[in-house]
There are 2 protein chains.
Amino acid sequence: MTESSGSPHPLPPVALPGHAIVGILGGGQLGRMLALAGYPLGLRFRFLEPTADSPGGQMAEQIVAPYDDPDALRRFSDGLAVATYEFENVSVAAASQISARVPLYPPPAALAASQERIVEKTFFHMLEIPVPAFSAVESAEELNAAVERLGLPSVLKTRRFGYDGKGQRVLRNQKDVEAAWTEMGGEPLILERFVPFYRELSLIAARSRNGETVFYPLVENHHREGILRLSLAPAPRLTPALQGQAEEFARRILEELEYVGVLAIEFFQQGDRRRANEMAPRVHNSGHWTIEGAETSQFENHLRAILGMPLGSPKAFGFSAMVNLIGELPPLHRILQIPGAHLHLYGKQPRAARKIGHVTIRAISPEERHERLAQLQAIIGKTVE
Amino acid sequence: MTESSGSPHPLPPVALPGHAIVGILGGGQLGRMLALAGYPLGLRFRFLEPTADSPGGQMAEQIVAPYDDPDALRRFSDGLAVATYEFENVSVAAASQISARVPLYPPPAALAASQERIVEKTFFHMLEIPVPAFSAVESAEELNAAVERLGLPSVLKTRRFGYDGKGQRVLRNQKDVEAAWTEMGGEPLILERFVPFYRELSLIAARSRNGETVFYPLVENHHREGILRLSLAPAPRLTPALQGQAEEFARRILEELEYVGVLAIEFFQQGDRRRANEMAPRVHNSGHWTIEGAETSQFENHLRAILGMPLGSPKAFGFSAMVNLIGELPPLHRILQIPGAHLHLYGKQPRAARKIGHVTIRAISPEERHERLAQLQAIIGKTVE
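About the cut-offs
- Residues numbered from 1 in each chain as written.
- Chains lettered and ligands numbered in written order.
- Predicted model: local features only at pLDDT ≥ 70, side-chain atom pairs only at ≥ 80, totals over all residues.
- Heavy atoms only, no water.
- Core = buried A, V, L, I, M, F, W, Y, C linked by side-chain atoms within 4.5 Å.
- Buried < 20%, exposed > 50% of the residue type's maximum accessible area, 1.4 Å probe, protein only.
- Salt bridge = Lys/Arg side-chain N within 4 Å of Asp/Glu carboxyl O.
- Helix = DSSP H or I, 4+ residues; strand = E, 2+ residues; numbered from the N terminus.
- Phe/Tyr/Trp six-rings, centres within 6.5 Å; stacked < 30°, edge-to-face > 60°.
- Axes fitted to C-alpha atoms, helices over the stretch in contact; angles between N-to-C directions.
- Parallel < 35°, antiparallel > 145°, perpendicular 65-115°, else oblique.
- Contact = heavy atoms within 4.5 Å.
- Nonpolar A, V, L, I, M, F, W, Y, C, P; charged D, E, K, R; others polar.

Asker: In this structure, what is going on with the nonpolar core? I would like to understand it.
Answerer: Side chains of a nonpolar character, in soluble globular proteins, are inclined to be buried together. If you look at the biggest cluster of nonpolar residues, it comprises 120 residues, and the most contacted ones within it are Phe45 of chain A together with Phe45 of chain B. By size, the runner-up hydrophobic cluster in this structure holds 29 residues, among which are Phe124, Phe215, Leu257 and Phe267 of chain B.

Asker: Help me out: how do you make sense of the pattern of salt bridges in this one?
Answerer: Note on pairing: side chains with opposite charge can pair once their charged atoms come close. Following the criterion strictly, the structure yields 34 salt bridges over all chains and no others. Across the salt bridge formed by Lys157 of chain B and Glu192 of chain B, the nearest N and O atoms sit 3.0 Å from each other. With Lys157 of chain B in strand E6 (residues 154-158) and Glu192 of chain B in strand E8 (residues 189-193), this pair connects stretches of sequence that are 35 residues apart. On the basis of relative accessibility, which here comes to 2%, the residue Glu192 of chain B falls in the buried class. For Glu368 of chain B, the salt bridge identified is with Arg372 of chain B, shortest N-O distance 3.5 Å. Of the two residues, Glu368 of chain B and Arg372 of chain B both sit in helix H12 (residues 366-384), four residues apart, roughly one turn of that helix. Overall, the relative accessible area of 11% leaves Arg372 of chain B in the buried class. A cluster of three or more residues bridged by salt bridges with shared partners is formed by Asp71, Arg74 and Arg75 of chain A.

Asker: Teacher, can you tell me more about the packing of aromatic side chains here?
Answerer: Within a pair of aromatic rings, the relevant descriptors are the distance that separates the centres and the angle that separates the planes. Residue and element names in this part refer to chain B. In total, this model carries 12 aromatic pairs over all chains according to the counting rule given. When the centroid spacing of 5.5 Å and the interplanar angle of 75° are considered together, the rings of Tyr39 and Phe45 count as edge-to-face. Classification of Tyr39 by relative accessible area gives buried; the value is 1%. With a relative accessible area of 3%, Phe45 lands in the buried category.

Asker: Just checking my understanding: could you explain the packing of helix H1 (residues 29-38) of chain B against helix H10 (residues 298-307) of chain B for this structure?
Answerer: To describe two helices that pack against each other, one gives the angle between their axes and the distance between the axes. Residue and element names in this part refer to chain B. Two elements in contact, H1 and H10, have axes separated by 8 Å at closest approach and are oriented at 75°. As far as their axial angle goes, H10 and H1 are roughly perpendicular. Contacts between H1 and H10 involve Leu30, Met33, Leu34, Ala37 and Gly38 on the former and, on the latter, Phe299, Glu300, His302 and Leu303. Of the residues contributing to the contact of H1 with H10, the split by class is six nonpolar, two polar and one charged.

Written out as structure tokens, the structure is:
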């Protein structure tokens, strides 16, 4: 594979991480887990994050300032080997200011393609990756026309800044349509045809500065109230055909964007059909299982990729299940007693609907995973339901 | 198992790590790996370490001061949930000052038993754990008498502050005896009978505040120039009898000391005979393989133990080899290309004979471990031999 880099900093691969500093925009749990994976590689970290004492800032340098503060961006960039981000709503202005000074990965084109749902779906469509039927909606008339075209149920979503189920509603009847418009009308929206009887799968891919690419096995995700609750890795009933098709779709995206870093892509599987739902140009909640469940974690491979180091194997070890801890802390003693359970707390204050940690169960068979997961859910259920 | 704690702080097990701060005396790589294992448990860390920008201080709060500075010890202790140490030469005065304010584990009795080789060997002997024959040596006359009694070859060692082969010499003839006395005479020494044709095995054990105890599988260690180079885990030709006997010896030590935390014990195996060499009341270089190679790492289990949390399984996954990086950095790109290789750098400047990192190879069979280890040694050999 050849690389025709469009980066303003086509640096050679970093030969020696030594004491290289990696800058991360955003100091949440994804940044924290990047730093935890990167210290053993000899790296140091600097976060730019407006909230003091963030999950990342608890264990590395943190500049406490808004993401669009030019002076903070200057101090943040100073002396970095490379910069990256842990959320996809980085402004184009901030990205430009950073990338004028140091290499910034994933590339800005990936931000542009993933920040706005119409752009993202059109991008998938252009690469011949199937997506659910959709319509842009900016007025009540357009909403009615879109409902007419796509039918009900459909899903109305804001085009920007949606996460964890925020900014979307399922429309099942005309009353829902009117209520949703009252609530969400006024900002750019997208209506998507609802895909029934699907399961959600996600693919985590990593591509390095030299074009080397690896794919983790597909994962099956379960949400409740729009928030990821459970990932099973590898996905049950995973076939080489299913994995191969997801990788083929991912490869088109990675190459089109000259992508560098970890990319997550969510798919709907409905029988033999797969449709792309969305992508995230960053490490992803559905890849947390890789810390214990894969030869190399998504966090380590993201860092290796953006530093131009060889990528590590994405091979799964046994069978993993990742369960998010949401809202309140469950009794940790009981969780630590489950064989093969690995606790990850993020250093965040508990708050309703907030992801404050996760637990990964690693097992030697799907049956053992099922049994240990049942033990875990018996504990978690009491605290988060 | 019942616990009759002699601790001045017989606290109940810590129910919620939340934002508990763990204080660590010493900011070297062992402290760094403790913190890396502890952040996912929701813990925070504070180091007391005289050298600025230490491996631990790069990723947590560090008080830069000597270990015997009373004011620093006060600031260090302030608000800690628990204190521990990453080297065994903590002074009794410092340990007392800390344990008057916060729980300090492992218990001071373990420090006393392991800081001085005559005390340590006598302690083993008292517990009916076999040791090589030894004599205390404080004068040239005593050295000659000890050589007469134990024969040659024997090993002359300083009684305190020995590590990585420092402070010891093998005596093979009368000329060695005189040279060693010229070099080492004047401080308290011990002469030990040399054990020929042995292999060194080590056992890592963890015991929690509530008495729960786990043992990792025995590891085979290889040294050169007195410095650990390679550990194979589990040890080749490990039998249940061998493991069982080592665990029985360890159990006597743990119970006698009412031990809390991780304890490492080194054994000489010579045919069917096992003799204890020394112990370290802390996480240990020969346990680094547990980060990837065991269900729960020695670092996580040390923290769980001193906080009174349930211990994690010490079960090995597959077959691991741990190789120390000593003196200079090898070409990291080539190391990262080895399948199953996991790099750990400590954030230290390279310097002759200094441990600056390690690599753990994890494999699914002894043959695969052998093959990957050969790849690694082909790279390391060029830089450290």
